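# Overview (structure and organization)
Chain by chain, the residues:
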Amino acid sequence: MGPRKELAAGLAEERLAEWQRVDYGAWRAMLDDKEVRDVIGGDGTRYNVVSYALDDGDGRIRMSVAVDHGTWSAFVPLVRDQIMNPDGTFVE
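So, how was this worked out
- Residues numbered from 1 in each chain as written.
- Predicted model: local features only at pLDDT ≥ 70, side-chain atom pairs only at ≥ 80, totals over all residues.
- Heavy atoms only, no water.
- Pairing = 2+ DSSP bridges.
- Helix = DSSP H or I, 4+ residues; strand = E, 2+ residues; numbered from the N terminus.
- Axes fitted to C-alpha atoms, helices over the stretch in contact; angles between N-to-C directions.
- 1 Å grid on protein atoms, 1.4 Å probe; cavity = no way out; pocket = protein on both sides within 12 Å on 5 of 7 lines; lining within 4 Å.
- Points joined across faces, edges and corners; volume = space filled by probe spheres on them.

### Considerations on the sheet that holds strand S4 (residues 78–84)
With respect to topology, four strands assemble into an open sheet ordered S1-S2-S3-S4, the strand pairing being antiparallel. For this open sheet the edge positions go to strand S1 (34–40) and S4, each flanked by a neighbour on one side alone. Averaged over all neighbouring strand pairs, the angle between strand axes comes to 20 degrees, with direction disregarded. As judged from the seven bridges shared by strand S3 (residues 60–68) and S4, these two strands associate in the antiparallel manner. Bridging from a neighbouring strand, Ala 66 pairs with Val 79 of S4.

### Examining the pairing of strand S2 (residues 46–57)
The sheet contact formed by S1 and S2 spans seven bridges and is antiparallel. What sits directly across from Glu 35, in S2, is Ser 51. The loop that links S1 with its antiparallel partner S2 comprises five residues; one of these, Gly 44, has a positive phi angle of about 85 degrees. In the sheet, S2 pairs with S3 via nine bridges, with the strands oriented antiparallel. By the bridge assignment for S3, Tyr 52 is matched with Ser 64. Hairpin remark: S2 followed by S3, antiparallel, with two residues in the connecting loop; positive phi at Asp 58, about 55 degrees.

### Here's the deal with the layout of surface pockets
When its volume is computed, the largest pocket comes out at roughly 150 Å³. As for the largest pocket, its lining consists of Arg 4, Lys 5, Ala 8, Tyr 47, Val 67, Asp 68, His 69, Trp 72, Ser 73, Val 76, Pro 77 and Leu 78. Within the residue set of the lining of the largest pocket, elements represented by two or more residues are helix H1 (3–19) and S3. Broken down by element, the lining of the largest pocket gets its largest block of residues, three residues, from H1.

Structure below.
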């Protein structure tokens, strides 16, 4: 993995870590919505960090974070996700 992909992966993991500190209700509130952030990475590049939640079935919610730096990466962003059960635990 190249330096930009590593940086993008780090940004995605940081955003997921933020989401892991909120409860199931906050994740449900994100269904059918998305949050877009512009972040300046450690390399000085502007990255788009998009968070969105999807119904994963049986009450589970999948939070996905997609990161790109514009240009060609916007067509194939780096994506990381986490799944929360209705009881607030995470699927490993």
